[in-house]
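Chain by chain, the residues run as shown.
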Amino acid sequence: MTNTFCLSRRRILEVSTATLVLGPASKALAQAPLKIATIGAGNEGGALGTIFAKLGHPVMFSSRHPEQLNDLVATAGPNARAGSVADAVAFGDIVFLVVPYSAVEQIGRDYGKALAAKPLVVDVSNPSAARDGDALAKWVDEQGGAGLATAKLLPGAHIVRAFNNFGHNGLHGNEVLIKPTLAQTVGVPMAGDDAQAIALATKLFKETRFEPVLIGGLAKGKYLVPGSVISGEHTPDELRKIAASLK
Ligand SMILES: NC(=O)c1ccc[n+]([C@@H]2O[C@H](COP(=O)([O-])OP(=O)(O)OC[C@H]3O[C@@H](n4cnc5c(N)ncnc54)[C@H](OP(=O)(O)O)[C@@H]3O)[C@@H](O)[C@H]2O)c1
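To start, this report covers the structure provided alongside it. Model, not experiment: these values are computed from the prediction. (Residues numbered from 1 in each chain as written. Predicted model: local features only at pLDDT ≥ 70, side-chain atom pairs only at ≥ 80, totals over all residues. Heavy atoms only, no water.)

**Brief notes about the pairing of strand E8 (residues 210-216)**
No. 1: As defined by bridge partners, strand E7 (residues 186-192) adjoins E8 across six bridges and the pair is classed as parallel. In the strand pairing of E8, Pro-189 is matched with Val-213. (Pairing = 2+ DSSP bridges. Helix = DSSP H or I, 4+ residues; strand = E, 2+ residues; numbered from the N terminus.)

If you want it as structure tokens, here you go:
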């Protein structure tokens with residue numbers, strides 16, 4: 001009797017702990033397929049959204065000019081549609097942020113509250129002095145790099161930085177999935193501080209041929225930019241080794 005009581009109590013604790021751990025992500029995790037929105041539907045956002053649409057997820061691409069996204073929607077197939085940024089933010093369980101970094105501040109201002117309510121925002125955007133200006137690049141450095149800077153611009157958002165150092169050309173090809181040039185599985189490095197968001201990103205990315213590898217918290221997001229030591233295609237084990245050497 002005592003044992004039964006103890007087990008039941010433990011089970012209750014497990015269930016409540018699981019509920020606490022999953023929190024808002026549990027709703028999205030329970031839904032399959034997940035609804036995905038992209039803010040930005042250019043080279044990279046278009047390629048990523050296409051992958052997930054072809055994997056069976058409803059995808060809404062968005063930009064300031066959604067009427068220009070008809071060809072992309074046609075290529076991505078019947079699961080894809082296009083809308084305004086507001087439409088996409090309302091639609092997505094998961095939002096991929098794939099815009100020039102200089103647009104992130106405005107997006108945070110206009111949609112920050114709604115984005116903070118999402119279980120996962122995947123930050124694919126990279127600061128580039130050449131494109132975004134020296135002042136923004138300097139400001140990002142002062143925040144500790146792109147991961148922490150995005151967290152400042154999107155307060156409260158459940159951010160995972162990922163796919164930042166895979167060029168869009170590598171995301172096309174082989175129909176729906178990313179075609180690795182290595183014989184072995186290619187790892188996708190990701191950085192985040194939020195356990196629920198990381199769990200959801202891991203679940204989603206595992207549907208692709210990429211193996212997600214957490215390299216650390218958002219502070220490590222500074223390495224998830226083109227040209228860093230972690231850029232290029234690596235096996236998951238190689239990524240873990242590189243990640244262990246990062247400061
Ligand atoms: N290209 C790559 O291989 C690659 C790889 C990894 C990461 N990235 C990063 O991903 C981001 C996008 O790169 P990209 O190459 O895809 O650029 P892109 O082809 O120029 O596309 C940018 C997209 O963002 C939209 N956009 C711009 N300002 C916006 C705003 N204020 N609100 C909503 N949408 C806005 C643009 O549409 P409208 O102008 O019509 O709004 C367009 O759809 C960059 O930060 C880049 O560094 C790119």
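**Topic: helix H6 (residues 104-116)**
No. 1: Compared with the 18 Å implied by 1.5 Å per residue over 13 residues, the 14 Å span of H6 between its first and last C-alpha is markedly short.
No. 2: A maximum bend of about 65 degrees is found in H6 at Asp-110.
No. 3: Taken together, the buried positions of H6 are Val-104, Ile-107, Gly-108, Gly-112 and Leu-115.
No. 4: Residues of H6 that are buried sit in contact with strand E1 (36-39), helix H5 (85-91), strand E4 (94-97), strand E5 (120-123) and helix H9 (146-153). (Expected span 1.5 Å × (residues − 1). Bend = angle between axes of the 7 residues up to and from the residue. Buried < 20%, exposed > 50% of the residue type's maximum accessible area, 1.4 Å probe, protein only. Contact = heavy atoms within 4.5 Å.)

**A look at the site of the ligand**
No. 1: The immediate surroundings of the ligand are formed by 26 residues, with Arg-64, His-65, Val-99, Gln-106 and His-168 found nearest.
No. 2: Contact between the ligand and Gly-42: an oxygen atom at 3.2 Å from a main-chain N or O atom of the residue.
No. 3: Within the side chain of Gln-106, a nitrogen or oxygen atom sits 2.7 Å from a nitrogen atom of the ligand.
No. 4: Breaking the shell around the ligand down by element, the ones donating at least two residues are helix H3 (43-54) and H6.
No. 5: Its residues assigned to classes, the shell around the ligand comprises twelve nonpolar, eleven polar and three charged. (Near = heavy atom within 4 Å. Polar contact = N/O pair within 3.5 Å; in protein donor to acceptor, adjacent residues only side chain to side chain. Nonpolar A, V, L, I, M, F, W, Y, C, P; charged D, E, K, R; others polar.)

**A closer look at the sheet that holds E4**
No. 1: An order of E3-E2-E1-E4-E5-E6-E7-E8 is seen for the eight strands of this open sheet, with the pairing classed as mixed. One side of each edge strand has no neighbouring strand; the edge strands of this open sheet are strand E3 (80-83) and E8. Going from strand to strand, the sheet's axes swing by 25 degrees on average, the running direction of each strand aside.
No. 2: Of the strand pairs in this sheet, E1 and strand E2 (residues 59-62) are connected by four bridges, and their pairing is parallel. Counted as the bridge partner of Ala-37 is Met-60 from E2.
No. 3: Strands in contact with helix H11 (residues 195-205) are E1, E4, E5, strand E6 (159-162), E7 and E8; relative to E7, the strand with the most contacts, it is inclined by about 160 degrees. (Axes fitted to C-alpha atoms, helices over the stretch in contact; angles between N-to-C directions.)

**Examining the packing of aromatic side chains**
No. 1: A full pass over the atoms with the stated rule returns five aromatic pairs.
No. 2: When the ring of Phe-163 is compared with that of Phe-210, the centres are 6.0 Å apart and the planes differ by 50 degrees; the resulting orientation is tilted. With Phe-163 in the loop between E6 and helix H10 (168-171) and Phe-210 in strand E8, this pair connects stretches of sequence that are 47 residues apart.
No. 3: What makes Phe-163 buried here is its relative accessible area of 1%.
No. 4: Overall, Phe-210 belongs to the buried group, its relative accessible area being 3%.
No. 5: Taken together, the aromatic side chains of Phe-163, Phe-166, Phe-205 and Phe-210 make up a single cluster linked through ring pairs.
No. 6: Residue placement shows Lys-35 over the ring face of Phe-91; its charged tip is 5.3 Å from the ring centre. (Phe/Tyr/Trp six-rings, centres within 6.5 Å; stacked < 30°, edge-to-face > 60°. Lys NZ or Arg CZ within 6 Å of the ring centre and 35° of its normal.)

**Some points on the pairing of E4**
No. 1: Residues Ile-94 and Phe-96 point to one face of E4 and Val-95 and Leu-97 to the other, with burial holding for every one of them.
No. 2: Examined bridge by bridge, E1 and E4 share four bridges and lie parallel to one another. Pairing of Thr-38 across the sheet is with Phe-96, part of E4.
No. 3: Here four bridges tie E4 to E5, and the two strands are oriented parallel to one another. Of the residues in E5, the one forming a bridge with Ile-94 is Leu-120.
No. 4: Following the chain from E4 across H6 to the adjacent parallel E5, one finds a crossover that is right-handed. (Right-handed = clockwise from strand over helix to strand, strands pointing away.)

**Considering the packing of helix H8 (residues 134-143) against H9**
No. 1: Where H8 meets H9, the closest approach of the two axes is 7 Å, and the angle between their N-to-C directions is 100 degrees. When the axes of H8 and H9 are compared, the pair comes out roughly perpendicular. Within the contact between the two elements, H8 uses Trp-139, Val-140 and Gln-143 and H9 uses Ala-146, Leu-148, Ala-149, Lys-152 and Leu-153.
No. 2: Split by residue class, the contact of H8 with H9 holds six nonpolar, one polar and one charged. (Parallel < 35°, antiparallel > 145°, perpendicular 65-115°, else oblique.)

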